Amino acid sequence: MKKRLNRKGRVLSVLLAAAVLLLAVGLLMPYQDEKPETDARTASLSELTVSAAPLAKFEGSAFRQSIVQKERQDREAARKAAVAKQNTADAKERAIYLTFDDGPSSQVNRLLDLLDQYQMKATFFMLGPNVQQYPDSLVRMKNSGHALALHGITHEAGKIYSGPEAPAKEMAQDRDIVEKVSGVRTNIARVPYGSIPYLTEEMRDELAKEDLRMWDWHVDSRDWELKDKRYVTHTIESIQHMTEAGVAPVILLHDKPATIDHLPELLAFIKKQGYKTKVLTNDMAPVTFQCEGRCYAIK
């Protein structure tokens with residue numbers, strides 16, 4: 001009987017020792033596992049931090065492109081609505097917008113004298129290097145109530161359209177020059193040759209990020225091509241056509257000698273017909289040509 005009890009005691013002792021051992025192992029296991037798990041998690045986070053691959057894949061994904069396209073559509077819808085509202089107000093005033101590209105030139109004071117004589121206002125889309133050459137003309141424009149606007153730096157298609165960010169960089173540089181000379185910070189811009197065909201959608205996105213308003217025109221005076229009084233006849237016919245259609249025309253002209261030579265005839269017509277010349281402003285929605293499949297990168 002005693003021998004049997006001793007055997008049972010030994011069995012219980014073995015079982016109790018095993019239970020203690022298992023408990024000790026169980027207590028130790030979380031501490032043994034925690035370090036490798038932490039290391040693995042840290043390594044994973046490290047990979048996410050230094051790798052740009054996921055972001056690059058997202059940028060090029062169909063989902064990202066759909067977001068970009070929606071942003072463009074919303075922006076265009078808002079622009080059209082604002083342009084229509086502005087045009088309604090302008091039509092009541094018989095407003096027109098005279099805009100001059102490529103200056104200021106050596107003839108700019110003669111141009112400003114004519115505008116003063118006929119008591120008219122204009123918007124000047126100017127090149128940065130020309131602004132630096134004729135800084136006093138910007139002070140005169142500002143004091144006379146004209147609008148200062150941007151036309152870039154180079155006026156060379158191969159440079160200003162050389163990449164998605166190139167137009168925005170030129171316009172931003174031009175803006176800094178104009179602001180330094182005149183104290184006026186303008187977001188009104190026009191790319192050389194107009195926004196068709198070289199100003200791609202990607203370029204427009206970059207310009208929008210810089211809050212630049214890209215203006216084209218309704219009436220091309222063709223002064224750059226005709227270079228004589230024929231441009232006046234053409235412009236007068238176009239103005240009449242646009243106003244009859246209920247559109248306040250934005251007219252493309254150039255700060256060039258031949259344009260200025262025949263400008264009095266155009267200004268006399270505008271005055272006689274009772275049109276009101278107005279200037280473009282930072283808060284106006286721009287008249288802009290739309291790509292509609294016609295835009296492509298320059299080669």
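Residues numbered from 1 in each chain as written. Predicted model: local features only at pLDDT ≥ 70, side-chain atom pairs only at ≥ 80, totals over all residues. Heavy atoms only, no water.

Caption draft 1: Looking closely at the state of the cysteines. Tallied over the full model, the rule gives one disulfide. Note that Cys291 is cross-linked by a disulfide to Cys295, the S-S spacing being 2.0 Å. On the sign convention where negative is left-handed, the bridge of Cys291 and Cys295, at about -95° about the S-S bond, is left-handed. (Disulfide = S-S within 2.5 Å.)

Caption draft 2: Looking closely at helix H6 (residues 135–144). For H6, the set of buried residues is Ser137, Leu138, Met141 and Ser144. Burial along H6 is one-sided: seen end-on, the buried residues are contained in an arc of 135°. Along H6, exposed side chains directed more than 90 degrees from the buried face belong to Asp136 and Asn143. The inward-facing, buried residues of H6 contact helix H4 (108–117), strand E2 (122–126), helix H5 (128–133), strand E3 (147–150) and helix H8 (166–182). (Buried < 20%, exposed > 50% of the residue type's maximum accessible area, 1.4 Å probe, protein only. Helix = DSSP H or I, 4+ residues; strand = E, 2+ residues; numbered from the N terminus. Arc of directions from axis to C-beta. Contact = heavy atoms within 4.5 Å.)

Caption draft 3: Highlighting unusual backbone geometry. With an omega of -10°, the peptide bond running from Gly103 to Pro104 counts as cis. Relative to the helices and strands, Pro104 resides in the loop between strand E1 (95–103) and H4. In this structure, Pro197 follows Ile196 across a cis peptide bond, with omega equal to 10°. With a phi close to 55°, Arg94 is a non-glycine residue in the positive phi region. Along the polypeptide, Arg94 turns up in the loop between helix H3 (62–93) and E1. A relative accessible area of 36% places Arg94 in the partly exposed class. Located in the positive-phi region is His155, a residue other than glycine, with phi close to 60°.

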